[in-house]
Amino acid sequence: MSSTQKITFRKLYRYFLVAVTGKETEFTSGSIRKAIFMLSIPMILEMMMESIFAIVDIAYVSQVSVNAVATIGLTESVVTLVYALAIGLSMAATAVVARRIGEKDQEGAARAAVQAIFLGIFIAVIIGVFGLMYSREILSLMGGSPDLIAEGHGYTKYLLGGNITIVLLFLINAIFRGAGDASIAMWTLILSNGLNIILDPIFIFGLGPIPEYGVMGAAIATNIGRGSAVIFQLYILFKGGSQIRIAVSNIVLRFKIMLNLISVSLGGIAQFLIGTSSWVFLMRLMAEFGSEALAGYTIAIRVMMFTFMPAWGMSNAAATLVGQNLGAKKPDRAEKSVWITGKYNAIFMFLISLVYLLFANSIIGLFTDVPTVIENGALCLQVVAAGYVFYAYGMVVTQAFNGAGDTRTPTKINFIAFWLIQLPFAYLVSLYLDWGVMGVFLAITLAEVLLSVMAVIWFRKGYWKQTVV
């Protein structure tokens, strides 16, 4: 290694340490590339931890039964609706908090954070009641067989019933990211998913006085892990280890701020409801081809999360940079940040797509030895990966809109790509043209490519720079 390479490596290592410890908090001046690095590294590590847990979780559950894996697939297609609400509200929280931080208004950021948490609790309680009361009916509606419902309804009951841990974990981490405290969000998720990974085998297979709960044990472990992380988040917010510190005087309802958050989040919620409801439809469509096809699809989606999460990490960095720089009255810097982040994301996703295209069967084979499951999962990986480079830019640009508080534009794009194109195409090609699961996978790729092209065209118009939050 040459002396120049050693200097570059030491510099990158020093930046890495600064990024994960959160010592860098100024992102509206200086090098844009450095700002992207400082925000992206903890966000990528945060999302990778989430995807590692998803992989480990499905590896444990796949040892229980094919029905157990399919139960997770059906339940999580419904839980994505919870994610839609949580992420929609989180986008509003990130946009408003980032804008206040860019304006150097820490008190305004704290007030916005409290109102966002109030809204999150309200949403989670309503969903939790339905999850506790109607877990069997939910699985039946999704096309689950009687034996699948009998084995898996406990997982659905506890995961939806305890969804407040999911909502608050997403929401408070979004507040941290909007403030530029990406390292705190990272450590929170490491705590959450580290506990999940430890507790999963204990509750699934039983250990000592803890009985064997099967697939339901995965939901119990998730609630404990994420609940512990939420307690840690609240401790940081009140203790003051973040750019935002919540005082007791902040814990009051402020309807003007709440209505502003609701206004911004409605576009975000609609945006993700459109996207996630399409995934629910696709999961229901996959159920038509049997539990083994459904299990292969579920494993493939979990594996793809391993690459989507780091890519989302870079995209979230772009959202924070856009929000803070618009608050600092630097729209050109905000735009430049998006294009640079998009380029880095495209390089990353291209490399990952090559891995999936070449080694799909081997990757799915790590989680199951059922030939039909491997065949369906590998096909899903290969077809969807073909559109990864396009989607890399689409993810970044979409999050840039959200970071600016312009959540309505991505909503329109999602509506066209998913509801007008993806769903009709998947239904007609897979069932009427009898292409089977291939029709579903092609519909996913087609929609993601179309979404990305439309997002870039709309972003270039520049209307997002005029958004007020």
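Before reading on, note that the structure itself is shown above.
Read on for an overview of the structure. As the structure is a prediction and not an experimental result, all values here were calculated from the model. (Residues numbered from 1 in each chain as written. Predicted model: local features only at pLDDT ≥ 70, side-chain atom pairs only at ≥ 80, totals over all residues. Heavy atoms only, no water.)

1. Digging into the overall build of the protein
Looking only at helices and strands, the protein features 16 helices and zero strands. Radius of gyration (C-alpha) of the protein: 21 Å, near the 23 Å computed for a compact globule of 469 residues. Seen through its C-alpha atoms, the protein measures out along the principal axes to roughly 55 × 50 × 45 Å. Nonlocal contacts in the protein, meaning residues at least 24 apart in sequence, comprise 81% of its contacts between residues at least 6 apart. Across the protein, the centroid of the 31 positively charged side chains sits 17 Å from that of the 24 negatively charged ones. (Helix = DSSP H or I, 4+ residues; strand = E, 2+ residues; numbered from the N terminus. Rg over C-alpha atoms; globule rule 2.2 N^0.38 Å. Contact = heavy atoms within 4.5 Å. Lys, Arg positive; Asp, Glu negative; His and termini not counted. Charge placed at Lys NZ, Arg CZ, Asp CG, Glu CD.)

2. Here we look at the nonpolar core
Counting residues in hydrophobic clusters, the biggest one holds 92 residues, and the most contacted among them are V303, Y356 and L381. With residues up to four places along the chain from it excluded, the contact list for V303 reads I55, Y356, I363, I364, F367 and L381. L89, A92, A113 and I236 belong to the second-largest nonpolar core, a separate cluster that totals 34 residues. (Core = buried A, V, L, I, M, F, W, Y, C linked by side-chain atoms within 4.5 Å. Buried < 20%, exposed > 50% of the residue type's maximum accessible area, 1.4 Å probe, protein only.)

3. Digging into the layout of surface pockets
Its boundaries defined by the atoms lining it, the largest pocket holds a volume of some 200 Å³. Listed by contribution, the elements that provide at least two residues to the lining of the largest pocket are α2 (32-61), α11 (291-327) and α12 (331-365). Sorting elements by how many residues they give to the lining of the largest pocket places α2 first, with six residues. (1 Å grid on protein atoms, 1.4 Å probe; cavity = no way out; pocket = protein on both sides within 12 Å on 5 of 7 lines; lining within 4 Å. Points joined across faces, edges and corners; volume = space filled by probe spheres on them.)

4. Side note on a nonpolar patch on the surface
Side chains of I121, F122, V125, I126, V129, F130, L132, M133, Y134 and I164 sit close together on the surface and give an oily, nonpolar patch of about 920 Å² of accessible area. Per-element accounting of the nonpolar patch gives the leading share, eight residues, to helix α4 (residues 106-133). You can see M133 is positioned in helix α4. M133 sits in the exposed class, given a relative accessible area of 53%. (Patch = residues over 30% accessible without salt bridge, like charges linked within 9 Å, V, L, I, M, F, W, Y side chains within 5 Å. Areas by Shrake-Rupley, 256 points an atom, 1.4 Å probe, with all protein chains shown as cover. Salt bridge = Lys/Arg side-chain N within 4 Å of Asp/Glu carboxyl O.)

5. A closer look at the environment of G436
Mapping G436 onto the fold places it in the loop between α15 (408-432) and α16 (437-461). Sequence separation of G436 and A293 is 143 residues, and the distance between their C-alpha atoms is 10.0 Å. The contact partners of G436, leaving out residues within four places of it in the chain, are F289, V429 and S430.

6. Some details on the pattern of salt bridges
Tallied over the full model, the rule gives five salt bridges. In this structure, R284 engages E288 in a salt bridge whose closest nitrogen and oxygen atoms are separated by 3.0 Å. On the accessibility criterion, R284 (32% relative accessible area) is partly exposed. E335 is paired through a salt bridge with K465; the nearest N and O atoms lie 2.6 Å apart. Here E335 is found in helix α12, whereas its partner K465 is found in the segment after α16, with 130 residues between them in sequence. Classification of K465 as partly exposed rests on a relative accessible area of 27%. Members of the salt-bridge network, linked through shared partners, are D332, E335 and K465.

7. Describing unusual backbone geometry
Residues apart from glycine generally show negative phi values, whereas peptide bonds are mostly found in trans. Of note in this structure, K104 is not a glycine but carries a positive phi near 65°. Secondary-structure assignment places K104 in the loop between α3 (66-102) and α4. Residues other than glycine seldom take positive phi values, yet D434 does so here, at roughly 60°.

8. Describing the packing of α11 against helix α14 (residues 388-404)
Close contact between α11 and α14 brings their axes to 7 Å; oriented N to C, the two are set at 35°. Where α11 crosses over α14, the two elements pack in a sense that is right-handed. Between α11, through M304, T307, F308, A311, W312, S315, N316, A318, A319, V322, G323 and L326, and α14, the contact on the second element is made entirely by Y388, Y391, M395, V396, Q399, A400, G403 and A404. When grouped by side-chain class, the residues that make up the contact of α11 with α14 number 14 nonpolar, six polar and no charged. (Axes fitted to C-alpha atoms, helices over the stretch in contact; angles between N-to-C directions. Left-handed = near helix turned anticlockwise from the far one by under 90°. Nonpolar A, V, L, I, M, F, W, Y, C, P; charged D, E, K, R; others polar.)

9. A short note on the packing of aromatic side chains
Given two aromatic rings, one states the distance between the centres and the angle between the planes to describe the pair. By the definition in use, this model includes 11 aromatic pairs. With centroids separated by 6.4 Å and ring planes inclined at 50°, the aromatic side chains of F281 and Y427 adopt a geometry described as tilted. Taken together, the residues F281 in helix α10 (residues 255-287) and Y427 in helix α15 connect sequence positions 146 residues apart. Grouped by ring-pair contacts, the aromatic residues W339, F401, F459 and W464 constitute a single cluster. (Phe/Tyr/Trp six-rings, centres within 6.5 Å; stacked < 30°, edge-to-face > 60°.)

10. Thoughts on the packing of α10 against α16
Contact pair α10 / α16: the axes reach a minimum separation of 10 Å and the direction vectors enclose 165°. On the basis of their axis angle, the class for α10 and α16 is roughly antiparallel. The hand of the α10/α16 crossing is left-handed. From α10, W279, L282, L285 and M286 reach across to α16, where they touch V437, V440, F441, I444 and E448. Taken together, the residues that form the contact of α10 with α16 break down as eight nonpolar, no polar and one charged. (Parallel < 35°, antiparallel > 145°, perpendicular 65-115°, else oblique.)

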